Amino acid sequence: MSLDFLGNLERTHLCGTLRAADAGKPVVVMGWVNRRRDHGNLIFLDLRDRSGICQVVLDRELTPEGHVRGEQVRPEYVVAAVGKVRLRAADAINPKMETGEIEIEATELRVLNDARLAPFSPAEDAIQNEEVRLKYRYVDMRRAEMQRNFRLRHEITRAIRESLSKQGFLEIETPILTKSTPEGARDFLVPSRVHAGEFYALPQSPQIFKQILMISGFDRYFQIARCFRDEDQRADRQLEFTQVDLEMSFPRREHVFGVVEKFLSAAFAAAGVALPTPFPRMTYDESMRRFGSDKPDLRLPGLTDVRPAFTNDALATLQIDPALPVVALRIPGVGELSRKEREDNHPLFDQKKGAKFIDDFKRLAKSFPESAAKVRELTSAAEADFVIVVAGDPAHHIKASDTKFEGRLSEREINVYAAAGNFRTELAKKYADRHGAFRVTEETVEAAHAHGGANAIDGAIDGSRAFHPIWIVDFPMFEYELASAKWVPAHHPFTAPYEADMANLVSDPASVRADCYDLAMNGLELGSGSIRIHRKDVQQQIFASLGISDDEARKRFGFFLDALEYGTPPHGGIALGLDRIVMLLAGAPNMREVVAFPKTAKAIDLMAEAPTTVTEQQLRELHLRVALKS
């Protein structure tokens, strides 16, 4: 079949924009053939572009040549249709299409390109084989769902840019090729051709550069920044990702919160979602106690302290450590699980955390009826709710610190809470639909509000339109690493400690709180930020408390330490994951649905077939030799 040239033909309308009010207008539409139906003298083409679909009619009597071309086209051929908009007959209106009241009576059809038979059709609602989708990503992204996701991403990004610009922020780009300054994940290294044996690194974040922009006097900076981390892939993590990065001078953390809440509200409004402000706040310790996580999902009931339900004798019989927390979690509407279901759930529980669980509530009620009744009372559990008790295991010895600080959780306590929190979210995902669990009712919403969010169940775990942001504050400044027998930063080493805790930096690092904050929503960490260290003497103290020598600090961060000596203002900021924000608003199960060209779980680009080997000539130019492990 011969193909046509576009010539002087110009598109007048997008396919999905035509309506009944356009009846009688001459139009030229262009796009892909979504479906073709041949009814003899009439051929119907569903023509698709990024705006949607419209129906083109080729009548043999009106346009014999166009009808012949219509007989030749197949799905995914690229065509241009010239004609006039007309109203459909009343019995032919398609209420499922936005353009369902009209069709285009074509007078000419140009076939601009043909197409091979694709392994799947963009007309399909869902494609099960994700690897095939990623291999033929250019076909996959023609699907209506993917088109919606990327229009949504554009609108969200535009709203964020506009909001930050109105708040006085300047968009400034920072380097992609920079120095390796490890920030907790592996760097991607880029060998230098000009400087043999030396390497650039791709940025894990613009952290140091945005702080230098504050030293440079720009006061308010932001960037839609590309970042790179050589770490394992997950549903909410890619090797390369995009973050909304910002920094501001002379702030308190409340100023940062206000800026973020304003631009996030604008972003959610662009997706048709009202996001009430201000967002609630919770300390790290409180979040761990109530939810077993520092990124709590407020849609689900929290953890309940049920230690008062058990006598010391009962704890001894159940082999529960009385010195550690005893908490219960409930999954609404699930009911009792069968023995097989309980056994299937055992792998979800992380025994390495030194915790144990009691999920056979009938057995507990038989042996300790008063304890079981008290647990149900404390958790407000109905008969249809599944209840599980999580506690410390005295027989399971783990390498963890027993050190207890006034008002703070010990590492062993955190381990128990974290085990319960992990089980809580995994079970909720697994049983979200069973017996209508987590469906919104007036009673659950009222209960959530009455408890200040502690027992919120305002939506389902499986992608409902209920969004619950929360600021987590007062994180510990340091964590003790047993393997290296030293304190390491819980966040990056440029985070400022609380002024009241400065005296304990060297003598008592475990008691020091960081002036940092995370923003979580529906069980995802959206972003992390802090007030920064703006004085060189304090920065050197932090390095010293981390066991970083002056020579090592000079080698890794010398240019930044120099910059701190030239009038650095107090400053702080945050970075939020744009991909995660879009994923939440799109209701997508993973980031690959909202990233144009993502990698697989094995970090492979199936479409571009990357990574690949390179030629010996390329390696020689970069002064490299590959030595594979046998």
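Residues numbered from 1 in each chain as written. Predicted model: local features only at pLDDT ≥ 70, side-chain atom pairs only at ≥ 80, totals over all residues. Heavy atoms only, no water.

(A) View of the sheet that holds strand β13 (residues 326-331). Pairing within the open sheet is antiparallel, and its four strands lie in the order β12-β13-β15-β14. Each of the sheet's edge strands pairs with one partner strand only, and the pair in question is β12 (304-305) and β14 (355-358). Where β12 and β13 come together, two bridges link them in antiparallel fashion. Looking at β13, one finds that Asp-305 is bridged to Val-327. On the sheet, helix α12 (residues 411-430) packs against β13, β14 and β15 (386-392) and is oriented at approximately 10° with respect to β13. (Pairing = 2+ DSSP bridges. Helix = DSSP H or I, 4+ residues; strand = E, 2+ residues; numbered from the N terminus. Contact = heavy atoms within 4.5 Å. Axes fitted to C-alpha atoms, helices over the stretch in contact; angles between N-to-C directions.)

(B) Fine view of the sheet that holds strand β2 (residues 42-49). Ordered by their spatial adjacency, five strands build a closed barrel running β1-β2-β3-β5-β4, and the pairing between neighbours is mixed. Averaged over all adjacent pairs, the angle separating strand axes in this sheet is 55°, with direction ignored. The pairing of strand β3 (residues 52-59) with strand β5 (residues 102-113) spans two bridges and is parallel. Across the sheet, the residue bridging to Val-57 is Glu-105, located in β5.

(C) Unusual backbone geometry, seen in detail. With an omega dihedral of -5°, the bond running from Thr-277 to Pro-278 counts as a cis peptide bond. Assignment of secondary structure puts Pro-278 in the loop between α6 (253-270) and β11 (281-283). In the Ramachandran plot, Glu-76 falls in the positive-phi region, its phi being about 75° despite a non-glycine side chain. The residue Glu-76 is located in the loop between α1 (64-72) and β4 (78-87) in this model. Its identity as a non-glycine residue notwithstanding, Ala-603 has a phi of 65°, on the positive side.

(D) Just a nonpolar patch on the surface, in detail. A contiguous nonpolar surface patch, about 260 Å² in accessible area, is contributed by Ile-176, Leu-177 and Tyr-200. By secondary structure assignment, the location of Leu-177 is in the loop between β6 (170-171) and β7 (189-191). (Patch = residues over 30% accessible without salt bridge, like charges linked within 9 Å, V, L, I, M, F, W, Y side chains within 5 Å. Areas by Shrake-Rupley, 256 points an atom, 1.4 Å probe, with all protein chains shown as cover. Salt bridge = Lys/Arg side-chain N within 4 Å of Asp/Glu carboxyl O.)

(E) Spotlight on helix α11 (residues 369-379). Residues Ser-371, Ala-372, Val-375, Arg-376 and Thr-379 constitute the buried set of α11. For α11, the angular spread of the buried residues around the axis is 135°, confining them to a single face. For α11, exposure combined with an orientation more than 90 degrees from the buried face picks out Pro-369, Glu-370 and Glu-377. Lining the buried residues of α11 we find β12, β13, α10 (361-367) and β15. (Buried < 20%, exposed > 50% of the residue type's maximum accessible area, 1.4 Å probe, protein only. Arc of directions from axis to C-beta.)

(F) Spotlight on the pairing of strand β16 (residues 469-473). The element β16 is largely enclosed, with a buried count of five among its five residues. Here β16 shows no split at all, with Pro-469, Trp-471 and Val-473 on one side and Ile-470 and Ile-472 on the other all buried. Here β11 pairs with β16 via three bridges, running parallel. Looking at β16, one finds that Arg-281 is bridged to Trp-471. With five bridges joining them, β16 and strand β19 (residues 516-521) adopt antiparallel strand pairing. Its bridge partner being in β19, Val-473 is matched across the sheet by Tyr-517.

(G) Inspection of the pattern of salt bridges at higher detail. Evaluation of the coordinates by the stated rule reveals 41 salt bridges. Glu-593 is paired through a salt bridge with Arg-133; the nearest N and O atoms lie 2.9 Å apart. Placement of Glu-593 in the loop between α16 (578-586) and α17 (616-621) and of Arg-133 in helix α2 (residues 130-135) is noted, with a sequence separation of 460 residues between them. Taken individually, Glu-593 and Arg-133 each receive the classification buried, so the pair is uniform in this respect. Arg-513 is the partner of Asp-501 in a salt bridge, and the nearest nitrogen-oxygen pair spans 2.9 Å. Taken as a pair, Asp-501 in the loop between β18 (486-489) and β19 and Arg-513 in the loop between β18 and β19 lie far apart in primary sequence, 12 residues in all. For Arg-513, a relative accessible area of 24% gives the class partly exposed. Residues joined by salt bridges that share partners form a network here, namely Arg-133, Arg-137, Asp-140, Arg-143, Glu-145 and Glu-593.

(H) The arrangement of a positive patch on the surface in detail. Residues Arg-11, Arg-50, Arg-148 and Arg-151 make up a contiguous surface patch of positive charge. With respect to the helices and strands, the residue Arg-11 is situated in the segment before β1 (26-38). (Lys, Arg positive; Asp, Glu negative; His and termini not counted. Charge placed at Lys NZ, Arg CZ, Asp CG, Glu CD.)

(I) Highlighting the state of the cysteines. For the structure on display, the rule yields zero disulfides. There is no disulfide at Cys-516, and the cysteine sulfur nearest it, in Cys-227, is 18 Å away. (Disulfide = S-S within 2.5 Å.)

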